[in-house]
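A look at the structure
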Amino acid sequence: MLTAIILCGGSGTRLWPLSRETYPKQFLSLAADGSLLAETIARVAAVDSGAHLSVVSNEDHRFLVAATLQVQCPSTKKNILLEPCARNTAPAIALAALDALASDAEAVLLVLPADHVIRNVQAFADVVRTGEQAAAQGKLVTFGIVPDSPHTGYGYIKADVGDKDWAPVEQFVEKPDLDTAKSYVDSGNYFWNSGMFMFRADRYLEELKKFRGDIYEACTKAYAGKSSDLDFVRVDKQAFSDCPDDSIDYAVMEKTSDAVVIPLDAGWSDVGSWSTLWEIQDKDASGNVCRGDVITEDVEGSYIHSEGRLIAAIGLKNHVIVETDDVVLVADKERVQDVKKLVAQVKQQNRAEHRFHKKVHRPWGTYEGIAISDRFQVKRIVVNPGGTLSLQKHHHRAEHWVVVKGTASVTRGDEVMLLSEDQSTYIPLGVVHRLENPGVIPLELIEVQTGSYLGEDDIVRFEDTYGRS
């Protein structure tokens, strides 16, 4: 059986401010109608509609992954493996391989990052079928992207494929300078390193045990201590925390004698920066990519993205402008790799914009800050049908709720009441309470918080449907 392993970690800082730690780029719709994760799942279905699906995610994103899977493939057999901490791709794939072998001793793994774009899905499917043939022979396949430019933002793989379907890997090369990249492209024997792989699960674990026995042992121990939690598989936290951090390239692919490259020419991009996103999208007559409410005058070669407000630009060339409800990014397109330096400054100043959007996603729905001042703040809360907030109380704030759409079931101390549109209630400081949506449409309400401290950590949870402490 083919098992698709989707690696869904990463914080996506290079696409800040759209991508943030709690809602990174794999959950955003950047190059198509669906999110990058949803597009990846759809590609798997195009390759093999009967493939088993396994997503490796971190704790913070587990409910976002579960919601995407429920929409994209509700009837497909799937697992969500949770990493207690980030340990890079070699351990993540090891956990997925162990999980696949638990149900299929001959499992073949197709390893895909969750945040890539592939335009030609049929070409991708054809190459995966070739990869299955190589994997059946015990090879560890990496898909090498046929380069269309001397790109300096990617690592390269050297292999003399010629007219063959695949060829042994001769060398992995780090990101080169421009002149070196030009020589690689001119030679015809170098491919961009895509970070996509294919091999039998048992072969990967054999090679990992041979070259990085410490990673193999730690992952084996962590998986042996697994437990189930709702839709998730949790591995032993301490054992996985003790695992060394290493990529599959360094741990296995650069060491094994069975690594092969299969060329892929299918409109691939890792969407690794704003300039890359500009490259892969349709442009107007002036070479601009404009999304949202944008007007321009004498602007060329730029990427302009509005999430809400009108962006009006004059006399710019090769710029990136990205507007969200709390941040505006303006950058020279040649300097977008330095966005991570701005994110570092945001962190150093103890701000929240690197971690949260104003609209924060929770397993039950979303909340969004509307106004905040000394001793009060206002939020718009949306609770999905069937969604339930935790039974909780606050030490430092009271809350006023006004329902603007739908029906709310409210627990307030010993009372349980139903509120419909235009009705309201008051939750005094220290009173145990809960909000639920018993209806079939989203519940929307306005919450006014008042008190001496309004931080999100002022929550004492007594019960939680989603297993949060």
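Just so we're clear, the structure is a prediction, and the values are computed from it rather than from any experiment. Every residue gets a number counted from 1 within its own chain, in the order that chain's sequence is written. Since the coordinates come from a predicted model, pLDDT governs what is reported: local features require at least 70, and pairs of side-chain atoms require 80 or more to be given and counted, while whole-chain, interface and lining totals use all residues. The side-chain values count all of the structure's non-hydrogen atoms but skip hydrogen atoms and water molecules.

The next subject is the overall build of the chain. Strands are runs of DSSP state E lasting at least two residues, helices are runs of H or I lasting at least four, and both sets are numbered from the N terminus onward. Counting its secondary structure elements, the chain contains 11 helices and 31 strands. Atoms considered for the radius of gyration are the C-alpha atoms alone. The globule rule reads 2.2 Å times the number of residues to the power 0.38. In terms of overall size, the chain behaves like a compact globule, its C-alpha atoms giving a radius of gyration of 24 Å where 469 residues would be expected to give roughly 23 Å. Seen along its three principal axes, the alpha-carbon backbone of the chain occupies a region of about 70 × 60 × 40 Å. Only protein chains enter the accessibility calculation, which uses a 1.4 Å probe; a residue is then buried when its area is under 20% of its type maximum, exposed when over 50%, and partly exposed in between. Here the chain, with 469 residues, has 52% of them falling under the buried criterion. Counting only contacts in the chain whose residues sit at least 6 apart along the sequence, the fraction spanning at least 24 positions is 68%. Reported accessibility uses the Shrake-Rupley method at a 1.4 Å probe radius. Residues are deemed covered only where the shown protein chains occlude them. On the chain, roughly 20900 Å² of surface is accessible, and the fraction owed to carbon and sulfur atoms is 47%. Computed over 49 positive and 68 negative side-chain charges, the separation of the two mean positions in the chain equals 3 Å. Contact between two residues is taken to exist if any of their heavy atoms lie within 4.5 Å; hydrogens are not considered. As used throughout, the charge tally considers Lys and Arg to be positive and Asp and Glu to be negative, leaving His and the chain termini uncounted. Charged side chains are reduced to one point each, which is NZ for Lys, CZ for Arg, CG for Asp and CD for Glu.

Okay, the packing of helix α1 (residues 36-47) against helix α4 (residues 121-136) next. For any two helices packed against each other, one specifies the inter-axial angle together with the distance between the axes. Convention adopted: a line fitted to C-alpha atoms gives each axis, helices being fitted over their contacting stretch, and angles between N-to-C directions are expressed from 0 to 180 degrees. Put simply, α1 and α4 touch, their axes get as near as 9 Å, and they point 60° apart. In terms of orientation, α1 lies oblique with respect to α4. The crossing of α1 and α4 is right-handed. Packed against α1, whose contacting residues are Arg43, Ala46 and Val47, the element α4 presents Val121, Phe124, Ala125, Val128 and Arg129 at the interface. For this classification, under 35 degrees means roughly parallel, over 145 means roughly antiparallel, 65 to 115 means roughly perpendicular, and everything else is oblique. Each crossing gets its handedness from the near helix: less than a right angle anticlockwise from the far helix is left-handed, clockwise is right-handed.

Take the number of residues in a helix, subtract one, and multiply by 1.5 Å to get its expected span. With 16 residues, α4 extends 23 Å from end C-alpha to end C-alpha; this agrees with the ideal 22 Å at 1.5 Å per step. Ala123, Phe124, Ala125, Val127, Val128, Thr130, Gly131, Ala134 and Ala135 are the residues of α4 that are buried. Where α4 is buried, its residues touch α1, β4 (108-113), β5 (117-118), β6 (140-145), β10 (190-200) and β13 (259-264). Counting of polar contacts relies on pairs of N or O atoms within 3.5 Å, with two restrictions inside protein: one atom must be capable of donating a hydrogen and the other of accepting it, and residues adjacent in sequence are counted only when both atoms are side-chain atoms. The N-cap of α4, judged by a side-chain oxygen 3.4 Å from the amide nitrogen of Gln122 a few residues on, is Asn120.

The term salt bridge refers to a side-chain nitrogen of Lys or Arg lying within 4 Å of a carboxyl oxygen of Asp or Glu. Applying the stated criterion across every chain, the model contains 27 salt bridges. In this structure, the salt-bridge partner of Arg129 is Asp126, at a minimum N-O distance of 3.0 Å. One end of the pair, Arg129, and the other, Asp126, are both in helix α4, 3 residues apart, so they sit about a helical turn from each other. Accessibility expressed as a relative area gives 37% for Arg129, which makes it partly exposed. Because the salt bridges share partners, they merge into one network encompassing Lys139, Arg203, Glu206, Glu207, Lys210 and Asp258.

Pairing between strands is defined by DSSP: at least two bridges between them are needed. Pairing is mixed in the open sheet, where 4 strands are placed in the order β15-β17-β19-β20. Two strands bound the open sheet, and with one partner strand each, they are β15 (289-291) and β20 (328-332). Here the strands of the sheet are splayed against their neighbours by 5° on average, with no regard to which way each runs. Direction of pairing for strand β19 (residues 319-323) relative to β20: antiparallel, over a ladder of 5 bridges. The partner of Val322 across the bridge, within β20, is Leu329.

Looking now at the nonpolar core. Membership of the largest hydrophobic core comes to 92 residues, with the highest contact counts inside it found for Phe143, Met196, Trp274 and Leu435. Counting residues per element, this core draws most heavily on α4, at 7 residues. When residues no more than four places from it in sequence are discounted, the contact partners of Phe143 are Leu110, Val127, Val128, Trp192, Ser194, Met196, Phe197, Met198 and Ile262. Core analysis: the second largest hydrophobic core is formed by 47 residues, Ile93, Ala201, Ala239 and Cys243 among them. Note on terminology: a nonpolar core comprises buried Ala, Val, Leu, Ile, Met, Phe, Trp, Tyr and Cys residues joined through side-chain atoms within 4.5 Å.

With respect to the helices and strands, Ala123 occurs in helix α4. Ala123 sits in the buried class, given a relative accessible area of 18%. Once the C-alpha coordinates of Ala123 and Gly267 are considered, the two residues, 144 residues apart in sequence, prove to be 9.2 Å apart.

The antiparallel open sheet is built from 6 strands, whose spatial order is β21-β22-β23-β30-β25-β28. Here the strands that pair on one side only, and so sit at the sheet edges, are β21 (359-362) and β28 (424-427). Taking the axes of each pair of neighbouring strands and ignoring which way they run, one obtains an average angle of 20° across the sheet. With 8 bridges connecting them, strand β22 (residues 365-373) and strand β23 (residues 376-383) associate as antiparallel partners. For Tyr367, the partnering residue across the bridge sits in β23 and is Ile381.

Sheet topology places strand β26 (residues 408-412) next to strand β27 (residues 415-419); 5 bridges connect them, and they run antiparallel. By the bridge assignment, Ala408 is partnered in β27 with Leu419. Joining the antiparallel neighbours β26 and β27 is a turn of 2 residues, in which Gly413 adopts a positive phi near 65°.

Turning to the environment of Gly50, a few remarks are in order. In this fold, Gly50 is placed in the loop between α1 and β2 (52-58). Classification of Gly50 by relative accessible area gives exposed; the value is 53%. Sequence separation between Gly50 and Pro24 is 26 residues; the distance between their C-alpha atoms is 28 Å.

Our next topic: the packing of helix α3 (residues 89-101) against helix α6 (residues 201-211). For the pair α3 and α6, the least separation of the axes is 9 Å and the interaxial angle reads 135°. Considering their axes alone, α3 and α6 lie oblique with respect to each other. When the axes of α3 and α6 are compared, the crossing they make is left-handed. Every residue of α6 that contacts α3 at Ala90, Ile93, Ala94, Ala97, Leu98 and Leu101 is listed here: Ala201, Asp202, Tyr204, Leu205 and Leu208. Three categories are distinguished: nonpolar for Ala, Val, Leu, Ile, Met, Phe, Trp, Tyr, Cys and Pro, charged for Asp, Glu, Lys and Arg, and polar for the others, with Gly belonging to the last. Looking at the contact of α3 with α6 residue by residue, the classes come out as 10 nonpolar, no polar and 1 charged.

To continue, consider empty space enclosed by the protein. We place a 1 Å grid over just the protein atoms. Points where a 1.4 Å probe fits but has no way out form a cavity, open points with protein on both sides within 12 Å along at least 5 of 7 lines form a pocket, and any residue with an atom within 4 Å of a point lines it. Grid points are joined across faces, edges and corners, and a volume is the space filled by probe spheres set on the points. Tallied over the entire structure, the rule returns 2 cavities of 30 Å³ or more. A volume near 60 Å³ is recorded for the largest cavity. Along the walls of the largest cavity sit Arg14, His151, Gly153, Tyr154, Asp270, Gly272, Ser273, Thr276 and Gln337, which together make up its complete lining. Its residues assigned to classes, the lining of the largest cavity comprises 1 nonpolar, 6 polar and 2 charged. Residue lining of the second largest cavity: Ser11, Thr13, Trp16, Ser19, Arg20, Glu21, Val343 and His354, and that is the complete set. Of the residues contributing to the lining of the second largest cavity, the split by class is 2 nonpolar, 4 polar and 2 charged.

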